[in-house]
Amino acid sequence: RLLAGAALGSLLLSGCQSNQSLTLGDMASSYNREILGMSIWAIALSVIIFIGVSAALFYTVNKFREENNTEAPAQFHGNNRLEVILVVVPVIIVMFLSVLTVRSMARLNPTSKESVAIETLGRQFWWNFAYPASSVQGGGVVTNGNEMIMPTRQKVAITLTSGDVIHGFWAPNIGGQRAAIPTVKKVWEVDTDREGVYQGNCSQLCGASHANMRYKVVALDQDRFNTVMTAAKAYVAPTPTPGSPEAAGYALFMQGKSSTGAVACAACHRVQGTPAGGVSGPDLSFFGTRRTLGAGMWEAMTAQHWEEPKAAAELHAWLKHSPVVKPGSLMPRYDGGTSVIAGKVTKGGTLTDEEIDDIAAYLRSLKLPEEADYWRGTP
Ligand code: CUA
């Protein structure tokens, strides 16, 4: 049974991604270091108490054992000294742990000295990351949906809220999980000492695509972070060459008309430097620089990303009928089918495969300059 347990345990653990540790956390983050420091005391005290109690039990059982004794043991009432010890010692332990906890809570509270602020908004079923104008670094920038960019070696203030139901922000490498609650804005701090791409997940059951509400945290050293933020702030979407597939895609995206029905991309999505200013869907300003689609359902992790046949097919399917490939997606279908949006049966438009590919070509052309590609150098 022990062997079976060990085998099952190792099977479960082998499913864990190496970049998300739930046991010891990522020591590059001061949040995780603080929690580990506190946990070690609690674990050490538990082990000492367990050993002490077990030893006392074994000693007593062995020392006072008598074979074939049917007489009642000696009867006596209470032991005041022992009872005082049994009350005082646990009280001291609990008080000690409380002090540690309060100290850690104070240390992990925002100090309002951060120069980077990120407003994080959870929606069914994606994440929006924007730097408010008040953020000293990156003020005014909105990142690609589901891709959060942060600098290393400094505190980043995250303001967390939700646009619909309760979601949970959880990227274990940079800190613990927090609830994103509608109408409530909570500020907390995260940080990491290491450049890297970290996995984030929604940690509160929030609907049909709760499991498809992932995001990436891209941590960049200060120089690269500055380059990306400067480029993102100055970004103006390129104007497609007339007659190109991109130009056809642009027209569909902006004018909201197709050969057979309405398309309304620009009503829900924003593209910086164009008339498209919708905010109910993810920001698509530099879609071509993205490497994730459908809130992390698909990842294209190579330099060519969207040009790969697999990624191109995924994007095509996404534009064609997003709610078919992602349950609960609020994007209308463009294959002539219907989906339920905000409780109403909604018929999207009908786009031909060619029209869908034109829109995909337009989206892929929206790219940050090469030096500002925040994915560059990641595995
Ligand atoms: Cu959002 Cu679960």
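Analysis parameters
- Residues numbered from 1 in each chain as written.
- Predicted model: local features only at pLDDT ≥ 70, side-chain atom pairs only at ≥ 80, totals over all residues.
- Helix = DSSP H or I, 4+ residues; strand = E, 2+ residues; numbered from the N terminus.
- Buried ≥ 20, exposed ≤ 12 C-beta atoms within 10 Å, placed from the backbone.
- Contact = placed C-beta atoms within 7 Å.
- Domains from an automatic or database assignment.
- Nonpolar A, V, L, I, M, F, W, Y, C, P; charged D, E, K, R; others polar.
- Pairing = 2+ DSSP bridges.
- Axes fitted to C-alpha atoms, helices over the stretch in contact; angles between N-to-C directions.
- pLDDT = per-residue confidence, 0-100.
- Expected span 1.5 Å × (residues − 1).
- Parallel < 35°, antiparallel > 145°, perpendicular 65-115°, else oblique.

A. Looking closely at the environment of Gly294. When you line up the elements, Gly294 lands in the loop between β10 (292-293) and β11 (298-299). The class for Gly294 is buried, based on 25 C-beta atoms found within 10 Å. Every residue in contact with Gly294, bar those within four places of it in the chain, is listed here: Asn212, Trp318, Val325 and Lys326.

B. Layout of the domain arrangement of the protein. According to the domain assignment, the protein contains domain 1 (116-234) and domain 2 (245-372). Relative to domain 2, the C-alpha centre of domain 1 lies at a distance of 22 Å. Across the contact, 22 residues belong to domain 1 and 21 residues belong to domain 2. For the side of domain 1 that touches domain 2, the secondary structure elements donating two or more residues are β2 (126-130), β9 (215-220) and α4 (222-234). Tallying contributions element by element places α4 first for the side of domain 1 that touches domain 2, with four residues. Looking at the side of domain 1 that touches domain 2 residue by residue, the classes come out as 10 nonpolar, nine polar and three charged.

C. How the structure looks around the sheet that holds strand β1 (residues 116-123). With respect to topology, four strands assemble into an open sheet ordered β2-β1-β4-β7, the strand pairing being mixed. Either end of the sheet is taken by a strand with one partner, and the two such strands are β2 and β7 (186-190). The mean angle between the axes of side-by-side strands here comes to 30 degrees, regardless of whether they run parallel or antiparallel. Pairing geometry for β1 and β2, over five bridges, is antiparallel. Bridging from a neighbouring strand, Gly122 pairs with Trp127 of β2.

D. Spatial organisation of the sheet that holds strand β3 (residues 147-151). One open sheet holds the five strands; their spatial order is β3-β9-β8-β5-β6, and the pairing between them is mixed. The two strands at the open ends of the sheet, each matched to only one other strand, are β3 and β6 (178-180). Direction aside, the axes of adjacent strands within the sheet are offset by 30 degrees on average. Across two bridges, strand β5 (residues 167-170) lies against strand β8 (residues 196-202) in antiparallel orientation. Its bridge partner lying in β8, Trp170 is registered against Asn201.

E. Representation of the confidence of the model for the protein within the structure. With 89% of its residues at a pLDDT of 70 or more, the protein has an overall mean of 86. Element-level pLDDT for the protein is lowest in helix α1 (residues 2-14), with a mean of 54, against a maximum mean of 96 in β5. Taken together, the stretch residues 11-18 has pLDDT below 50 and engages in one contact with residues farther than four places along the chain or on a different chain. In the model output, the complex is listed with pTM 0.84 alongside ipTM 0.98.

F. Looking closely at the pairing of β5. Pairing geometry for β5 and β6, over three bridges, is antiparallel. Counted as the bridge partner of Gly168 is Ala179 from β6.

G. Spatial organisation of helix α3 (residues 80-108). Spanning 29 residues, α3 covers 42 Å between terminal C-alpha atoms, matching the ideal 42 Å at 1.5 Å per step. Across the 29 residues that make up α3, only a small minority, zero, are buried.

H. Unusual backbone geometry, seen in detail. Gln124 connects to Phe125 through a cis peptide bond whose omega is 5 degrees. Within the element layout of this structure, Phe125 appears in the loop between β1 and β2. For Thr183, which is not glycine, the phi torsion reads 65 degrees and is therefore positive. Its location among the elements puts Thr183 in the loop between β6 and β7. Owing to 7 C-beta atoms within 10 Å, Thr183 belongs among the exposed residues under this scheme. A positive phi angle is found at Ala295, which is not glycine, with a value near 55 degrees.

I. A look at the environment of Ile341. Secondary-structure assignment places Ile341 in strand β12 (residues 338-341). Take Ile341: there are 16 C-beta atoms within 10 Å of it, and that puts it in the partly exposed class. In this structure the C-alpha to C-alpha distance between Ile341 and Gln222, which are 119 residues apart in sequence, comes to 42 Å. Look past the residues within four positions of Ile341 in its chain and what remains in contact with it is Leu330, Pro332 and Thr346.

J. Quick look at the packing of helix α2 (residues 30-63) against α3. Their axes nearest at 10 Å, the elements α2 and α3 cross at an angle of 175 degrees. Compared by their axis directions, α2 and α3 come out roughly antiparallel. Residues Tyr31, Glu34, Met38, Trp41, Ala42 and Leu45 of α2 touch α3, and the partners they reach there are Ile93, Leu97, Leu100, Thr101, Ser104, Arg107 and Leu108. Split by residue class, the contact of α2 with α3 holds nine nonpolar, two polar and two charged.

K. Region of the structure containing the packing of helix α5 (residues 245-255) against helix α8 (residues 353-364). Orientation of α5 relative to α8, taken along the N-to-C sense of each, is 100 degrees, at an axis distance of 7 Å. As summarised for this structure, α5 and α8 are arranged roughly perpendicular, according to the angle between their axes. Listed contacts from α8 to Pro245, Glu246, Ala248, Gly249, Tyr250, Leu252 and Phe253 of α5 are Glu355, Asp357, Asp358, Ile359, Ala361 and Tyr362. Across the contact of α5 with α8, the residue classes tally to eight nonpolar, one polar and four charged.

L. Broad picture of the environment of Arg103. On the secondary structure map, Arg103 appears in helix α3. For Arg103, a count of 13 C-beta atoms within 10 Å gives the class partly exposed. Here the alpha-carbon distance between Arg103 and Glu34, two residues 69 residues apart in the chain, equals 9.8 Å.

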